[in-house]
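Each chain, written out:
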Amino acid sequence: MAISTAWAADDTEPLMLRRIMQELGEDMQTVTDGISREDWALVAETAPAIANHSQPSAIERMRILGFLGTDASVFRNHDKKVQQAALQLEKAAEGQNGAEVIAAFATLQNRCLACHQDFRKPFTAHFYTEP
């Protein structure tokens, strides 16, 4: 009985994933600022925060995976590609090559966009829109 009560309470709470996405957005803004000022150290420092972003709790991951069903592997693949792109951004920034940094950041943005296009609307509709 306690488990079902916990699940019911958890279903009414906003996902931690929303806060994680907000933090990623802030990190992306920091990278944009760093690129515009050619502050490669800032970009190199921020990129790992994107690559190794926070994860939802185990209970929330179960909720998300339950919702995703067979699309869970697609979601995980998007996350892996974002991580790889962010690490490439870090490497480019460490090399202080502006053109490579911009290209790596464009790849990162495209990886984020691909995930958002596949999952943002369904997540919002399922977790945040009242039935």
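In this text the structure is predicted, and so the values were computed from the model without any measurement. Sequence order sets the numbering: in each chain, residues are counted from 1 along the sequence as written. Where local features are concerned, this predicted model is filtered to residues with pLDDT of at least 70; where side-chain atom pairs are given and counted, the filter is 80 or more; whole-chain, interface and lining totals use all residues. Hydrogens are left out, water is left out, and the side-chain values use all remaining heavy atoms of the structure.

(A) Inspection of the packing of aromatic side chains at higher detail. When the centres of two rings from Phe, Tyr and Trp lie within 6.5 Å, Trp using its six-membered ring, the rings pair. Their planes under 30 degrees apart give stacked, over 60 give edge-to-face, and anything left gives tilted. For the structure on display, the rule yields six aromatic pairs. Taking 5.5 Å as the distance between ring centres and 85° as the angle between the ring planes, the aromatic pair formed by Phe 67 and Phe 123 counts as edge-to-face. Taken together, the residues span a long stretch of sequence, with Phe 67 in helix 4 (residues 58-68) and Phe 123 in helix 6 (residues 98-128) at a distance of 56 residues. Note on exposure labels: buried denotes an accessible area under 20% of the residue type's maximum, exposed denotes more than 50%, and partly exposed covers the range between, all computed with a 1.4 Å probe on protein chains only. Residue Phe 67 is classed as partly exposed on the basis of its relative accessible area, which comes to 27%. Relative to Phe 119, the ring of Phe 75 lies with its centre 5.2 Å away and its plane at 90°, an arrangement referred to as edge-to-face. Of this pair, Phe 75 sits in helix 5 (residues 72-94) while Phe 119 sits in helix 6, and the two are 44 residues apart along the sequence. Put simply, DSSP marks the helices as runs of H or I at least four residues long and the strands as runs of E at least two long, and each gets a number from the N terminus on.

(B) Local environment of the pattern of salt bridges. Between Lys or Arg on one side and Asp or Glu on the other, a salt bridge is scored when a side-chain nitrogen of the former is within 4 Å of a carboxyl oxygen of the latter. In the structure shown here, the tally under the stated rule is four salt bridges. Of the charged contacts, one joins Arg 19 and Glu 26 as a salt bridge, the two residues approaching to 3.8 Å between their closest N and O atoms. Members of the salt-bridge network, linked through shared partners, are Arg 19, Glu 23 and Glu 26.

(C) Representation of the packing of helix 2 (residues 16-36) against helix 6. Where helix 2 contacts helix 6, the two axes come as close as 12 Å, and the packing angle between them is 155°. The angle between the axes of helix 2 and helix 6 places the two elements in the roughly antiparallel class. In this structure, the crossing between helix 2 and helix 6 has a hand that is left-handed. Of the residues in helix 6, those touching helix 2 at Leu 17, Arg 18, Met 21, Met 28, Val 31, Thr 32 and Ile 35 are Val 101, Ile 102, Phe 105, Leu 108, Gln 109, Cys 112, His 116, Phe 123 and Tyr 128. Grouping the amino acids of the contact of helix 2 with helix 6 by side-chain chemistry returns 12 nonpolar, three polar and one charged. Axis definition: a line fitted to C-alpha atoms, over the contacting stretch in the case of helices. Angles run 0 to 180 degrees between N-to-C directions. An angle counts as roughly parallel when it lies under 35 degrees, as roughly antiparallel when it exceeds 145, as roughly perpendicular when it falls between 65 and 115, and as oblique in every other case. Should the near helix be turned anticlockwise from the far one by less than a right angle, the crossing is left-handed, and should it be turned clockwise, the crossing is right-handed. Throughout, a contact is declared for two residues whenever any of their heavy atoms are within 4.5 Å. As a working rule, the residues Ala, Val, Leu, Ile, Met, Phe, Trp, Tyr, Cys and Pro are called nonpolar, Asp, Glu, Lys and Arg charged, and the rest polar, with Gly in that last group.

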